[in-house]
Amino acid sequence: GEAAVEKANKLAPGDQVPSFTTEGMSWIQGEEIKSLDEKGKVYMIECWATWCGPCIASIPHINELHQKYADKGLVIVGMNVWEDGLDKVQKFVTDQGEGMSYRVAYSGGKESAFTDTWLKAAGVRGIPHAFLVKDGKLIATSHPASITNSMVESMLSPDFDPKAFAAEQAAAEKRKAELQAKIRPFYQNGDWDGMREFAKTELNEEADADMRTNLLRTAAMNLGDWPEIQAIADEATSDKAKRQTLGQAGWSAPMGDGAKEFATGALAVFTAESVDNQESLQGKLMDGLIRTRFLTMAGQKDEAEVQLTKLKTLELKDERSKATFEKALENATKGLEGDAPLGPIQKLMR
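In this text the structure is predicted, and so the values were computed from the model without any measurement.

Roughly 1,500 Å³ of volume is contained in the largest pocket. Taken together, 38 residues make up the lining of the largest pocket; nearest its centre are Ser146, Thr148, Ala172, Lys176 and Ala207. Mapped onto the lining of the largest pocket, the elements with two or more residues apiece are strand S6 (137-142), helix H4 (149-156), helix H5 (162-189) and helix H7 (209-223). In terms of residues, the lining of the largest pocket owes the most to one element, H5, which gives 14 residues. Taken together, the residues of the lining of the largest pocket sort by class into 18 nonpolar, 11 polar and nine charged. Of the voids in this model, the second largest pocket is the one considered here, and its volume is about 630 Å³. Along its surface, the second largest pocket is lined by 18 residues, and Thr213, Asn214, Arg217, Ile232 and Ala236 are the ones closest to its centre. Mapped by element, the contributors of at least two residues to the lining of the second largest pocket are H7, helix H8 (226-234) and helix H9 (239-252). Examining the composition of the lining of the second largest pocket, we find that eight residues originate from one element, H7, more than from any other. A per-class count over the lining of the second largest pocket returns seven nonpolar, six polar and five charged.

Cut-offs applied
Residues numbered from 1 in each chain as written. Predicted model: local features only at pLDDT ≥ 70, side-chain atom pairs only at ≥ 80, totals over all residues. Heavy atoms only, no water. 1 Å grid on protein atoms, 1.4 Å probe; cavity = no way out; pocket = protein on both sides within 12 Å on 5 of 7 lines; lining within 4 Å. Points joined across faces, edges and corners; volume = space filled by probe spheres on them. Helix = DSSP H or I, 4+ residues; strand = E, 2+ residues; numbered from the N terminus. Nonpolar A, V, L, I, M, F, W, Y, C, P; charged D, E, K, R; others polar.

Shown next as structure tokens:
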């Protein structure tokens, strides 16, 4: 009888990829591509949808790879999948403008030939998901955020070895899973000192840089180590990232040494004007509450009362967030009656 065992996934690294011109597919932006085997090129077929938050969050990174490596042989196609409505997708891509400057195609709706021959065949259950192809063969699949410059450079290199690459990827995945298993107990037990120690001693490889930063940040936030949070904010690569770190501290970090100095600096970013300029009501309330807390930490109680009074005039329509924010405003008002600075905003919402 037949002894051949069918592979679990019909499309795996090393396999010839299926046809790229499938029924119902249409090109939204950029020059159409019919095959994926041009010499010297690496193709990244990145599956996404407009309803998928993580997909949209990945676009800037994908666009950066495109701008950096398009003329070196990287061909990116943003393949819209699991979504009906070509017009909606077209409008989304147009609105992104230069922020999404790579080729984009529409696979043909929720149920499409592309979905069957690529996603289903490879056992893909979630997006965003990128297929990487060279010489007509699948070399790897990955979350687009995990595709680094060095990874792209090694794939573009003429002496690229797909087998060695697959082994490296598997080893990296295994290491990541092992590290995550070690990190979990720190979260479960609220052992922030242990987490910090682990990050500093165990995560010294280049590949661990993001995980290390993340853990040091989480530990500092939970320990209320304000000088350390300030150092993290100062290292931010953009004003937006810096503001996010400062805001997160106001939202979640408990009081501790250096809080007053921190708040004084943070108020240069969380100004009354910046709160007013937030587009959504929720944004105004969140930033306004964070600013109120920073004012109490910096000893500017009168200003804190002015900010809080202003927030109380905002009217939220959504019943659930209305209840949450009213609770926070009520607790903040009570807090201002005492002499101590306000605690983390997330606690005021309970």
